[in-house]
Amino acid sequence: MKYRTLKMSVVAVSCSLAFSVSAESILFTNVNVFDGKKDELLENYQVLVVDNKISKVSSEAISAQGAKVIDGKGMTLMPGLIEGHGHLQMNGTSLPDIENNRNWEELAARSAARANSALLSGFTTWRDAGGMGAGLKKTIDSGELIGPRIYPSGAFIGPTGSHADFRNFNTPNETFYGHNSSGGRLGMSCTADSIGDIKACARQNYMQGATQIKLMSSGGVASSFDPWQLNAYSLEELQAAVEVADAYGSYAMSHAYSKVSLLRNLEAGVKTLEHAFMFDKDVYKAMKKNDAYMTTNMTAFSPYLGEIEAINSNPASARKAKTAQAAFGNYIDNVNKYKPKLGFHVDCVGGVAACEQQADHSIYLSGKFFGNHYTLISMTSVNGEIVKLAGEVLDPYFEGKLGVVEEGAYADLLLVDGNPLEDLSVIGANEKWFDAPKRDGIETMKIIMKDGVIYKNTL
Ligand SMILES: [Zn+2]
């Protein structure tokens, strides 16, 4: 941070002398730009980065004395990718494994490794969908670790027996804030069975640095005690959570599968529906009315789903996965029909290699189901809008847009060898999932820049 302050003062001094840019500025020439929105590339453009922002995007030559020039050789310059729903600290092989076998030290160390791998896979921003406070985010922002910008949700909020309840069958029964589970003690989950407790959990998360809150308002698959059909919170309970989020100028994101739960969340004012497998015309209408978004894990529709260890190691989860796949059969057709504001979402629970495989396969599946352009905007501009729902007061990165190549936006950029609108494999898409070979970065991703700083350059 000291370094950044120093650079800014240099710019301020030089501005008073003449129009020139700081020594650390970078001019990309000879690039085709995917701007995060349009279904075509802006051909043969130049993009100037000054300090940590995009300063100019032009089809004309940009004069920038003192800037380092990078000849893009006709490659594609695009926004850094944004994970819309991930869990860096959920890095055991399954929920019981995290609960029983991992202490804080291992979880924290592994989450740092996951963050490093995410950035070097092109993810420059990460909305963490629960299980982690702001500690890793602060460490990355201080420059001591490498990773994406993080928008943390803090502890999952859900009632006893819900998808946020990490306990085992034999965990002692006092449920106050879930403190008797390891997940509760570590601040990964917050069990809340009353309106007062829901508000207290939400406030505790914000106090600890969350930028939004995550509710578990329906059951899930990779957990032991909650049927996915469960509508875990009432309208009044969801409204209580939204009331606290509103008070902070922030928003609630909510894990919801069933149609009842999806509509109830929207009625309560929840801004992003997570998973949303029973999305249909009615849900679409309610989303439009509320200016809401949704994000979905495409791997729920992968032919390899049954091979996920978090699911197949648990017979209850395996059985749930089968019925869920059958019930969510119209999701893909409905998304193609109504085109909701859909954010990209990997939702990996696991270690570095497993989560790289899952992210690559998720990109492939999204392209296959919805096309490359819809996939790319979901990973860039749409997720960029979603993270900004945190509101001006809580947004740690409030000075510019994310997920777009635009003047004034943060300089989070990738230079990729190929056109991602034609071929998503240039950003890692892989038809294979578990049998994909371990990789060391993505070869076609030549430059990875976050906040104006280059973390990878193999040009
Ligand atoms: Zn999740």
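Above: the structure in question.
Description of the structure in this document. Keep in mind that what you see is a predicted model, and the values were worked out from it rather than measured.

Let's talk about the pattern of salt bridges
Under the definition given, this model contains 19 salt bridges. A salt bridge links Glu274 to Arg127, with the nearest nitrogen and oxygen atoms 2.9 Å apart. Pair noted here: Glu274 is in strand 13 (residues 272–275) and Arg127 is in strand 7 (residues 123–128), with a separation of 147 residues, a long-range link. An identical accessibility class is assigned to Glu274 and Arg127; each is buried. Notably, a salt bridge pairs Arg439 with Asp360, separated by 2.7 Å at the nearest N-O pair.

Examining the nonpolar core
The biggest cluster of nonpolar side chains holds 96 residues, and the ones touching the most others in it are Ile213, Leu273, Phe279, Met294, Tyr331, Phe370 and Ile427. If near-sequence neighbours (up to four positions away) are discounted, Phe279 is found in contact with Leu262, Tyr284, Met287, Met294, Tyr331, Asn334, Val335, Tyr338 and Pro340. Among the nonpolar cores identified, the runner-up in size contains 21 residues, and Ile26, Val47, Ile70 and Leu77 belong to it.

Brief notes about the state of the cysteines
Tallied over the entire structure, the rule returns two disulfides. Here Cys348 engages in a disulfide with Cys355; their sulfurs sit 2.1 Å apart. Across the S-S bond linking Cys348 and Cys355, the dihedral sits near -80°, which makes this disulfide left-handed. In the protein, the cysteines engaged in disulfides, taken in order along the sequence, are linked 1-2, 3-4.

As for the coordination of the zinc ion
Each protein donor to the zinc ion is listed here as His85 (NE2), His87 (NE2) and Asp347 (OD); together their distances run 2.1 to 2.2 Å. Sequence spacing among the residues donating to the zinc ion works out to H-x1-H-x259-D. The two residues His85 and His87 agree in class, both being buried.

Some points on the side chain of Ser302
In this fold, Ser302 is placed in the loop between strand 14 (293–297) and helix 10 (309–312). Here Ser302 falls in the buried class, since its relative accessible area comes to 1%. One polar contact links Ser302 to His361, side chain to side chain, over a distance of 2.9 Å. Among residues more than four places away in sequence, those in contact with Ser302 are Gln325, His361, Leu365 and Trp433.

Some points on the environment of Ala108
Tracing the backbone through its elements, the reader meets Ala108 in helix 3 (residues 104–119). Look at Ala108 and you get partly exposed, because its relative accessible area is 31%. For the pair formed by Ala108 and Leu365, sequence separation is 257 residues and the distance between their alpha carbons is 30 Å.

Points about the packing of helix 7 (residues 235–247) against helix 8 (residues 259–268)
Look at helix 7 against helix 8: their axes get within 8 Å of each other, and the N-to-C directions meet at 45°. In terms of their interaxial angle, helix 7 and helix 8 are classed as oblique. For helix 7 against helix 8, the interelement crossing comes out right-handed. For the pair formed by helix 7 and helix 8, the contact residues are Leu235, Leu238, Gln239 and Val242 on the first element and Arg264, Asn265, Glu267 and Ala268 on the second. Of the residues assigned to the contact of helix 7 with helix 8, the class counts are four nonpolar, two polar and two charged.

Section: the packing of aromatic side chains
How two aromatic rings sit relative to each other is given by the distance of their centres and the angle of their planes. Tallying each qualifying case throughout the model produces 18 aromatic pairs. With centroids separated by 5.8 Å and ring planes inclined at 75°, the aromatic side chains of Phe370 and Tyr374 adopt a geometry described as edge-to-face. The residues Phe370 and Tyr374 share a single accessibility class, namely buried. When the centroid spacing of 4.3 Å and the interplanar angle of 15° are considered together, the rings of Trp433 and Phe434 count as stacked. Its relative accessible area of 0% is what places Trp433 among the buried residues. When its relative accessible area of 30% is taken as the criterion, Phe434 is described as partly exposed. An aromatic cluster is defined as three or more aromatic residues linked by ring pairs; in this entry it consists of Trp228, Tyr257, Phe277, Phe301, Phe328, Tyr331, Phe369, Phe370 and Tyr374. The ring of Tyr293 is capped by Lys341, whose NZ or CZ atom sits 4.2 Å from the centre of that ring.

Looking at the pairing of strand 3 (residues 53–58)
Pairing between strand 2 (residues 42–50) and strand 3: five bridges, direction antiparallel. Residue pairing in the sheet places Leu48 in a bridge with Lys56 of strand 3. Between strand 2 and strand 3, which pair antiparallel in sequence order, lie two residues; one of them, Asp51, sits at a positive phi of approximately 55°.

Basis of the calculations
- The written sequence of each chain sets the order in which its residues are numbered from 1.
- Predicted model: local features are reported for residues with pLDDT of at least 70 only, side-chain atom pairs are reported and counted for 80 or more only, and whole-chain, interface and lining totals are derived from all residues.
- Hydrogens and waters are ignored; side-chain quantities use all the structure's heavy atoms.
- The rule for a salt bridge is simple: a side-chain nitrogen of Lys or Arg has to be within 4 Å of a carboxyl oxygen of Asp or Glu.
- Runs of E in the DSSP output that reach at least two residues are strands. Runs of H or I that reach at least four are helices, and both are numbered from the N terminus.
- Buried means the residue's accessible area, taken with a 1.4 Å probe over protein chains only, is under 20% of the maximum for its type, while exposed means over 50%, and partly exposed covers the values in between.
- We define a nonpolar core as any set of buried Ala, Val, Leu, Ile, Met, Phe, Trp, Tyr and Cys residues linked to one another through side-chain atoms lying within 4.5 Å.
- The contact rule is simple, with two residues in contact once any of their heavy atoms fall within 4.5 Å.
- Only a pair of cysteine sulfur atoms within 2.5 Å counts as a disulfide in this structure description.
- For Na, K and Ca the donor cut-off is 3.2 Å, and for all other metals it is 2.8 Å, counting N, O and S atoms only; because water is absent from this set, sites may look incomplete.
- We define a polar contact as two N or O atoms separated by no more than 3.5 Å, with the added condition that, inside protein, one atom must be a possible hydrogen donor and the other a possible acceptor, whereas residues neighbouring each other in sequence contribute only through side-chain atom pairs.
- Interaxial angle, 0 to 180 degrees, is taken between N-to-C directions of lines fitted to C-alpha atoms, where a helix line uses only the stretch in contact.
- Roughly parallel means an angle under 35 degrees; roughly antiparallel means over 145; roughly perpendicular covers 65 to 115; every other angle is labelled oblique.
- Handedness of each helix crossing follows the sense of rotation of the near helix against the far helix: counterclockwise by less than a right angle gives left-handed, clockwise gives right-handed.
- Nonpolar residues are Ala, Val, Leu, Ile, Met, Phe, Trp, Tyr, Cys and Pro. Charged residues are Asp, Glu, Lys and Arg, and all others, Gly as well, are polar.
- Pairing of aromatic side chains requires ring centres within 6.5 Å, counting the rings of Phe and Tyr and the six-membered ring of Trp. Pairs whose planes differ by under 30 degrees are stacked, by over 60 edge-to-face, and all others tilted.
- Definition used: whenever NZ (Lys) or CZ (Arg) falls within 6 Å of the ring centre and also within 35 degrees of the ring normal, the charge is taken to sit over that ring.
- Following DSSP output, two strands are said to pair if at least two bridges run between them.

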